[in-house]
Amino acid sequence: ATATATATSTATTPALTAISATMKTATSLFTSSSNPTTKKEKQYAQTRHNMQEQIHLVGNEHISFTHARARLLRGHTSRVNAVKPLGHWASRVVSASRDKTVRVWSVAQSSGNDRYQVETGAMLLDYTGHTRSVLDVVCEGEEMVASMDVGSLQFWSPITGTLDREVIVDERGGLASCMVKMKGPHMLAIGHGVDSITLVDARSQKLANRWRVMASHHHSVADRGYVRSMCMSCDENMLFVGSSVGVVCEVDARMGFIVREWVPSIEEDVITLFSPSPSILLSCSDRKCQTHVLDPSSPPRSRPMLLSTGDYTMTDFALVDKSTVVGVNGGNKLYVMETPTPTADDFHCSLMRPVHFRGIQPTCITAACDDAVMVLGCDSGTLRILPPFVL
């Protein structure tokens, strides 16, 4: 009840304007007392609490996470490794967990006019076909989900939960480590504990090709390391691959040849890669976060990403409202930054500590409902729905 107005919307609707006015009135009535005592103060305090539960937004309205209430979704019994939106169903997400299950959730319902009302969350399906920890999940439209553990890729229906096909994806003894959806129709790329990636055609559900993505001029396989992380470029024309020895490779996503490679961190796992814009790549190792400016005519320029709390790394990123990057690293906070520009010298992250965010420890993040809400996967196995909040 002590929240103060910090930002205003640039395009608020009449309904949101009325709600904001009510909340400001409620604030002015009891800010002088942290414990409302009169009947009118208590009534306005309850009104403000109800408004915090109801306000939602999409489009170009201002986004603020500071006073959002994270809603709890229970179901998994161990760490959530990945959470992704389910195809074009903007209000549904899929989560993959260390407990060997994949679950489908409804996080919001449409309220008309392309707006969504946040729900408490409902689990729609529990897929239990895996026998090992599920590392990643990719949604191929609304009728097919591909979930991956260290040795297999399973295609199944998010509506019925029935398994369609299982593909063995371990390559030369190298266990699968990461997965991304390619630009090409129905194509998935799977990284292994070796120096190559495997392409799987999701339409035929068969192995399609294998690319060696670590340069061959290294003296041995051990020097090249293995594939640790991957991401597609913002325009989906390039595939970025991070290795266990600190090398980042830029690979042509159509032909599979290496365009260039560089070493942003010496002999450290590149555990996270994210491309928020065509000219920017974010990379994180166990002890360093960096921003790389990509120019086709010159080598990549690396800059440190400054974290205000002394944290060293990020475990996942999401792009919100097409211009804001939100990162998580397992701590009880969010890091928010505007998409860096190629001309910037340093890139700073703003620290956000949402109300009621203690003990959540998010490890993965995604945007849902047309960027109206964030969905966080947590180390405890829970999911949290975090709606942006208008003040």
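Residues numbered from 1 in each chain as written. Predicted model: local features only at pLDDT ≥ 70, side-chain atom pairs only at ≥ 80, totals over all residues. Heavy atoms only, no water.

Draft legend 1. Spotlight on the overall build of the protein chain. Check the secondary structure of the protein chain and you find 3 helices and 29 strands. Expressed as a percentage of its 391 residues, the buried residues of the protein chain come to 53%. Considering only contacts in the protein chain between residues 6 or more positions apart, those separated by 24 or more positions represent 50%. In the structure as shown, the protein chain presents an accessible area of about 17200 Å², 49% of it carried by carbon and sulfur atoms. (Helix = DSSP H or I, 4+ residues; strand = E, 2+ residues; numbered from the N terminus. Buried < 20%, exposed > 50% of the residue type's maximum accessible area, 1.4 Å probe, protein only. Contact = heavy atoms within 4.5 Å. Areas by Shrake-Rupley, 256 points an atom, 1.4 Å probe, with all protein chains shown as cover.)

Draft legend 2. Spotlight on the confidence of the model for the protein chain. Mean pLDDT for the protein chain: 75, with 66% of residues reaching 70 or above. Within the protein chain, the element-level pLDDT minimum falls on helix H1 (residues 14-30), averaging 45, and the maximum on strand E7 (residues 145-148), averaging 95. A low-confidence stretch, residues 1-16 (pLDDT under 50), is modelled with 27 contacts involving residues beyond four sequence positions or located in other chains. Scored below 50 in pLDDT, residues 22-34 makes 20 contacts in the model with residues more than four places away or belonging to other chains. (pLDDT = per-residue confidence, 0-100.)

Draft legend 3. Here's a closer look at the nonpolar core. Judged by nonpolar contacts, the single largest core of 19 residues is most densely connected at Met182, Ile197, Val213, Val227, Met230, Leu239 and Val241. Within the residue set of this core, elements represented by two or more residues are strand E10 (176-181), strand E11 (187-192), strand E12 (196-201), strand E14 (227-232), strand E15 (238-243) and strand E16 (248-252). If one sorts the elements of this core by residue count, E14 sits on top with 3 residues. In this structure, Val213 is in contact with Asp195, Ser196, Ile197, Val227, Val241, Cys249, Val251 and Ile258, ignoring residues within four places of it in sequence. Among the nonpolar cores identified, the runner-up in size contains 15 residues, and Ala368, Val373, Val375 and Leu383 belong to it. (Core = buried A, V, L, I, M, F, W, Y, C linked by side-chain atoms within 4.5 Å.)

Draft legend 4. Structural context of the pairing of strand E9 (residues 163-168). Here 5 bridges tie strand E8 (residues 152-156) to E9, and the two strands are oriented antiparallel to one another. Bridge assignment links Trp156 to a residue of E9, and that residue is Leu163. Once E8 ends, the chain turns through 6 residues before running back antiparallel as E9, passing Gly161 with a positive phi of about 80°. (Pairing = 2+ DSSP bridges.)

Draft legend 5. Quick look at the pairing of strand E27 (residues 362-368). Burial analysis of E27 places 7 of its 7 residues in the buried class, which makes it a mostly covered element. Bridging between E27 and strand E28 (residues 373-378) involves 6 bridges; their strand directions are antiparallel. Residue pairing for E28: Ala367 is matched across the bridge by Met374. In textbook terms, the turn of a hairpin is the stretch between consecutive antiparallel strands, and for E27 and E28 this stretch comprises 4 residues, one of which, Cys369, has a positive phi near 55°.

Draft legend 6. Local environment of the sheet that holds E7. If you walk across this open sheet you meet the 4 strands as E6-E7-E8-E9, and the pairing is antiparallel. Lying at the two open borders of the sheet, with one neighbouring strand each, are strand E6 (136-139) and E9. Going from strand to strand, the sheet's axes swing by 15° on average, the running direction of each strand aside. Bridging between E6 and E7 involves 4 bridges; their strand directions are antiparallel. (Axes fitted to C-alpha atoms, helices over the stretch in contact; angles between N-to-C directions.)

Draft legend 7. Region of the structure containing the pattern of salt bridges. Inspection of every chain in the model, using the stated rule, returns 9 salt bridges. Between Asp379 and Arg79 there is a salt bridge, with its nearest N and O atoms 3.4 Å apart. Residue Asp379 is located in the loop between E28 and strand E29 (383-386), and its partner Arg79 is located in the loop between strand E1 (71-73) and strand E2 (80-86); the two are separated by 300 residues in the primary sequence. Across the pair Asp252 and Arg254 runs a salt bridge whose closest N-O atoms are separated by 3.6 Å. The exposure class of Asp252 is buried, given its relative accessible area of 5%. (Salt bridge = Lys/Arg side-chain N within 4 Å of Asp/Glu carboxyl O.)

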